[in-house]
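These are the residues of each chain, in order.
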Number of protein chains: 4
Amino acid sequence: MASSFGHSFRVTSFGESHGGGVGVVIDGCPAGYSISLEKIQAFLDRRRPGQSVLSTPRQEKDQVVCLSGLEGGKTLGTPIALVVYNKDAKKDHYTDMTKVFRPSHADYTTELKYGIRAVSGGGRASARETIARVAAAALAEQVLEELHPSLKVIAYVESVKHLQANSVDVDSLSREKIDEHMLRCPDEQAREQMSQLILEAKKKGDSVGGCIRCLCLNPPKGLGEPVFDKLEADLAKAMMSLPASKGFEVGEGFAATQLFGSEHNDHFEVKNNEIRTTTNFSGGIQGGISNGENISMRIAFKPVATIFKEQQTVDRDKNPQTFKPKAGRHDPCVLPRAVPMVEAMTLLVLMDHFLRQKMLASCAKSDASLA
Amino acid sequence: MASSFGHSFRVTSFGESHGGGVGVVIDGCPAGYSISLEKIQAFLDRRRPGQSVLSTPRQEKDQVVCLSGLEGGKTLGTPIALVVYNKDAKKDHYTDMTKVFRPSHADYTTELKYGIRAVSGGGRASARETIARVAAAALAEQVLEELHPSLKVIAYVESVKHLQANSVDVDSLSREKIDEHMLRCPDEQAREQMSQLILEAKKKGDSVGGCIRCLCLNPPKGLGEPVFDKLEADLAKAMMSLPASKGFEVGEGFAATQLFGSEHNDHFEVKNNEIRTTTNFSGGIQGGISNGENISMRIAFKPVATIFKEQQTVDRDKNPQTFKPKAGRHDPCVLPRAVPMVEAMTLLVLMDHFLRQKMLASCAKSDASLA
Amino acid sequence: MASSFGHSFRVTSFGESHGGGVGVVIDGCPAGYSISLEKIQAFLDRRRPGQSVLSTPRQEKDQVVCLSGLEGGKTLGTPIALVVYNKDAKKDHYTDMTKVFRPSHADYTTELKYGIRAVSGGGRASARETIARVAAAALAEQVLEELHPSLKVIAYVESVKHLQANSVDVDSLSREKIDEHMLRCPDEQAREQMSQLILEAKKKGDSVGGCIRCLCLNPPKGLGEPVFDKLEADLAKAMMSLPASKGFEVGEGFAATQLFGSEHNDHFEVKNNEIRTTTNFSGGIQGGISNGENISMRIAFKPVATIFKEQQTVDRDKNPQTFKPKAGRHDPCVLPRAVPMVEAMTLLVLMDHFLRQKMLASCAKSDASLA
Amino acid sequence: MASSFGHSFRVTSFGESHGGGVGVVIDGCPAGYSISLEKIQAFLDRRRPGQSVLSTPRQEKDQVVCLSGLEGGKTLGTPIALVVYNKDAKKDHYTDMTKVFRPSHADYTTELKYGIRAVSGGGRASARETIARVAAAALAEQVLEELHPSLKVIAYVESVKHLQANSVDVDSLSREKIDEHMLRCPDEQAREQMSQLILEAKKKGDSVGGCIRCLCLNPPKGLGEPVFDKLEADLAKAMMSLPASKGFEVGEGFAATQLFGSEHNDHFEVKNNEIRTTTNFSGGIQGGISNGENISMRIAFKPVATIFKEQQTVDRDKNPQTFKPKAGRHDPCVLPRAVPMVEAMTLLVLMDHFLRQKMLASCAKSDASLA
């Protein structure tokens, strides 16, 4: 269904940007795990707008509340409902303004589909909906930390428009380091230029896009299924379900098409009695199943649709209109805030497939498993 | 579940490459539609290996049989089972050879996950599994032809390694034209060079990859859902579930990150009393929902993992091994055969979302719809 | 998944009896329907304990709040979250008392399954969880009223222990009439005796059970699917998922086994140009699909497990214990409150299958349908 | 979806009674289990018509074939497709005869729903469809035998019309004993009378119904989920999805409504260091979750709709018709053949919930579980 994601660790998102709140129900979380709401809050705070001059000046508090599923701080195995209430949400009515379809937003397609839409704010198409994903993922991460402690999921801004971060030292990467700078790009030089570029675009009322790199370091083996639910297929869906994403690749991705098979193949070797690959062009997934090597993905985000320039458009009555939004309240670049969103979707996919694989493994014939 | 795809038009795939057969059960197909098994066979024949010197010389017949769901050539609304029996499938046993994990194949991860695998052929990881997808899609296409006659789903080879097809005239594209040449690239000049390149790689026992472009011309409006089941999200999952795919993009995709918002936004206008966009950088999908403009996707396929060179690897007992497959029976380039697979997955996604949207639309308040 | 119900109209329930609240997310509700929260509140009030001396004296307010999915009172097509916050919920800790497994409650099996449970109140096994179902159904009913106005779903108490309501005049039945008496039994004479019986049981600290009859009058035709999702199968699941239900029958049910086929078969006739059955032993469903005749079900509810007598039991440390609950706060008979719960589950099943059938019907070939 | 059942052990049924065959795809079966096709065949043979004078004289062979998912007799973890091809299936066309809606069959509702139906035989409504369920269950049973060896699922005929088997010694029950007599009733005296009754009904061209008792002896603990997917809810759905079933009860069922709470409650005690109940009025399930005590169910089957008497009905053109089937080929009583069908559906539910519970248990915090 449209608003649920995952098979065994299943999250259901709800909430418009200007309704009562945005929340998530998590069904299938195993019981007995200690959950810190502070950690969930901290993850949500990374998603929140208004963290820097590069993003919107809104100061939403986004305070998470847990309505169910925890007692004494521990998961009960029952559905966990997390909500962030909307403060100061203003309810609009259909006005001349709200009848206008903003270019490259979801206004038109939403009305086309439903015949109605939340005219106050972006409704479900608002980035505010990602609160649900991030809150669920921040909880999932705490469970995964106990189930597979070595796993680290880290994303960062790899490019903004044509500006590219130079190659990054994976081993020294940490969310803390990446978060040190508001741009969430670990390359010091590049991020200065990127910030410059974004501010210039902002000044002109324009916007820019870019790419996020996401890494899963020391991931569990055996995640993903052979045919439709390949791990990369579910990761691709996860990422392409984020607002403004337009492209996804795993491992070498599109660059893999430039190589001969003899260059791209990853050879196997045994290291510390473990089967490993000598290279990792596959990006940690082979035949749809994780092989234990680091998983590497890249996701493209288009430039933000909200720009402060006059644009030609039409309204719901099919009259031509020119549209220019009121100043304020919009990022010229979503990239820094997309970093925790990408991490969140990755965590939801890994958590779900971890449980699915756990079920299979728990029934496996003891003489059979390599894991 | 691993082996099912789609929500309302739901296909369940089964079959190993060397078992009794490969098949699909289609659940949720509407009743009363005339289905031509010949058309399904014709679509399957496009997928079949051995169509040219560029692909494997196997001559599988891949004859489709329908076991249920049709009577008098019409869909009954009940599950439709289509099977292609495997001819001459040789059953191997675990031998020294089958114990060896072929580099960048699914052998290792399959055993890791299940503790066992079909040692005869590639099992579920074989491209032969895509028979199920293509058969189901060939049926879906016949239903869609009645439900939305203007739709055309057409894919072609856009690049092989570094060789790129020049821009293609979309209006004159047809499957027939594309199929005229075994490479399935509509650019005459490019395809000659591509063929050359593939044959050279083949001679060296090597393999190459490339990109497929897929277009949905005149698609239905309103397909896709606002949050997780965005149309591009389900398309991304569909494509990334194909063997050897490593990247996906829609609309401008990764190139969109090079543009300013003011360049990338698609303005609305009214044409023939219909709301349209003046440009189509969004690739026909906005806010996860199709807006009626053409949908354009690009999918990256890595070079084939089977190469006829000696490679270092290990076996299931963790002994180092060198591996070189016996000659024959493998494509040096999957791209031409990937064309119908990409079309098939696109059709399955469109058919599923068409039914989902149909349900909503059939309940819509009459004064509300723009569609 | 455990906490979701329905395929196309999908409700996800959350909330413990003594947590932050109990709520539901409704996914798949069509757009543009006017929803009255007052009507939802009124339905919830019928479920609420403390409505009479026959039921628990608790005075929970159960005020419903809508967090999403509505704007200007209309459904947006997006997920609708409804919550009833828990007032005065006291959080207990594991005490000697809470370690004791109450006989025929879910305490033991919940700990068995999860290794943990909400020790404050009954957790998810509390009848309070049914708030989620009733709230969702009260909304569904408002949508169904527009989609199929003739439908009426009415339940009533048919028996309490050995006391049986005499045959009831279906045509004059209404919820208003049934609700006139706190027992929700339309037979005036029987309900007096039933009330007497319940009060006597209460005086002795004991409890009683009984049966609910549920009718769907003038239901839509064509609901239900031929094999697993037969309409009666989904209704059976719905009813048997209610706390304390132990039996389900449709049409003549168990009594049908006493008849010859020649007695039980419903003959067809044409009335007002419509195909009807002359009798309705089938209870409105044939081959899993509704035929338009009234649907009739009976559901058995066991006597309430909470009794105010000393009982032998054990605690989680496997020590023998005697258990007697503190006075107050429990119904001696769930039947009157079970009436709206049964109606609610019926409505959820009908709504879901209505949408599923709508999808099929909207694609049906025009020359084919009888409906 | 209509044709799939189960969440983690998911079976998809296909096939009309007179199409190419009836089959099932099993998705989610754990890997490495040895499967005997002979055992599947033996289970299917118990379902087969024509086993005695009490049932139809058809001599279908019902030979099961496995198309996928097994290699060397072991499950691969991939989807398992089992098919029974239809022999001598005659394809009818719409004739005057097939236009007539047989009373209390699915003919009318199927056409109502789909606008079309398989006129050759009963299509999906035929008992032949249960081949898919029985084949899948016969496989599931072999996996369960290894995962929980003490479990026994045994059903038998408890009543035919008004004739009731006397209480049966559960400890000495076995399928072999029950199968010794064609009626599958373990009470020697009762079954003679029942046989007599059925033969008399047959002679008159009439039919009878009755009840099946199904027991799960020594079942796994912890199966079932607290809210919608209660074990008894899924069992109820399973049973009510069988052709001709009209009622379901678990534990004391409807008789429980005749007891006081003080009579019905099951007290806990510790036996051999295990928590057990002293009585088992709950029928092995409390709060929707199995407690390890025997599970007991009863299912009502109506008299067979096919009788050899003239009946009033209508045809699809709404003309009145009299209907009397040609002699032969139909059971006067489904009960004996319903026994393996009921066992099959029970096994499918237990297998599915076993896997679901296994996943939770494999993630449980070690200090928490009672199991």
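In what follows, the accompanying structure is described. (Residues numbered from 1 in each chain as written. Chains lettered and ligands numbered in written order. Predicted model: local features only at pLDDT ≥ 70, side-chain atom pairs only at ≥ 80, totals over all residues.)

## As for the overall build of chain A
Helix and strand counts for chain A come out as nine helices and 18 strands. Here the C-alpha radius of gyration of chain A, 21 Å, is about what a compact globule of 371 residues would show, namely 21 Å. The principal-axis extents of the C-alpha atoms in chain A amount to approximately 70 × 50 × 35 Å. Looking at chain A residue by residue over its 371 residues, the buried ones come to 65%. Considering only residue pairs separated by 6 or more positions, chain A has 72% of its internal contacts joining residues 24 or more positions apart. (Helix = DSSP H or I, 4+ residues; strand = E, 2+ residues; numbered from the N terminus. Rg over C-alpha atoms; globule rule 2.2 N^0.38 Å. Buried ≥ 20, exposed ≤ 12 C-beta atoms within 10 Å, placed from the backbone. Contact = placed C-beta atoms within 7 Å.)

## Structural notes on the interface of chain A and chain B
Taken residue by residue, the interface counts 96 residues in chain A and 95 residues in chain B. Tallied by class, the residues present in the side of chain A that touches chain B amount to 39 nonpolar, 35 polar and 22 charged. Two elements, strand β11 (residues 245–250) of chain A and strand β11 (residues 245–250) of chain B, share three bridges in a ladder whose sense is antiparallel. Residue pairing in the sheet places E249 of chain A in a bridge with G247 of chain B of β11 of chain B. (Nonpolar A, V, L, I, M, F, W, Y, C, P; charged D, E, K, R; others polar. Pairing = 2+ DSSP bridges.)

## Some details on the pairing of strand β18 (residues 320–323) of chain D
The pairing of strand β17 (residues 311–314) of chain D with β18 of chain D spans four bridges and is classified as antiparallel. Within the sheet, the bridge partner assigned to Q311 of chain D lies in β18 of chain D and is F323 of chain D.

## Structural notes on the packing of helix α9 (residues 335–363) of chain B against helix α9 (residues 335–363) of chain C
Two numbers describe a pair of packed helices, the interaxial angle and the distance between the axes. Between α9 of chain B and α9 of chain C, the least distance of the axes is 8 Å, while the angle of their chain directions is 100°. On the basis of the axis angle, α9 of chain B is roughly perpendicular to α9 of chain C. Listed contacts from α9 of chain C to L355, K358, M359, S362 and C363 of chain B of α9 of chain B are L355, K358, M359, S362 and C363 of chain C. Of the residues in the contact of α9 of chain B with α9 of chain C, the class split is six nonpolar, two polar and two charged. (Axes fitted to C-alpha atoms, helices over the stretch in contact; angles between N-to-C directions. Parallel < 35°, antiparallel > 145°, perpendicular 65-115°, else oblique.)

## Re the relation of the copies chain C and chain B
The operation linking the two copies of the chain is a rotation about an axis combined with a translation along the axis. Overlaying chain C on chain B yields an RMSD of 0.0 Å, the required transformation being a rotation through 180° with an accompanying axial translation of 0.0 Å. Read as a symmetry element, the transformation amounts to a two-fold axis. For chain C, the smallest separation between a C-alpha atom and the rotation axis is recorded for M359 of chain C, amounting to 2.1 Å. Interface overlap between copies: 100% of the residues of chain C at the interface are likewise at the interface in chain B, consistent with a symmetric, same-surface contact. (Least-squares fit on C-alpha atoms with pLDDT ≥ 70 in both.)

## Some words on the sheet that holds strand β1 (residues 4–5) of chain D
Residues and elements named next belong to chain D. In space, the five strands of this open sheet follow the order β1-β2-β3-β7-β4, with antiparallel pairing throughout. On the outer flanks of this sheet lie β1 and β4 (64–68), each paired with one strand and no other. Its contacts with the sheet place helix α4 (residues 130–147) against β2 (10–14), β3 (21–27), β4 and β7 (80–85), and it is angled at close to 40° to β3.

## Re the environment of P336 of chain A
Within the secondary structure, P336 of chain A is located in helix α9 (residues 335–363). Taking the number of C-beta atoms within 10 Å as the measure of exposure, P336 of chain A has 31 and is therefore buried.

## Concerning the relation of the copies chain A and chain B
Take chain A, turn it by 180°, move it 0.0 Å along the axis, and it overlays chain B with an RMSD of 0.0 Å. Comparing interface residues between copies, 99% of those in chain A also lie at the interface in chain B; the contact surface is shared.

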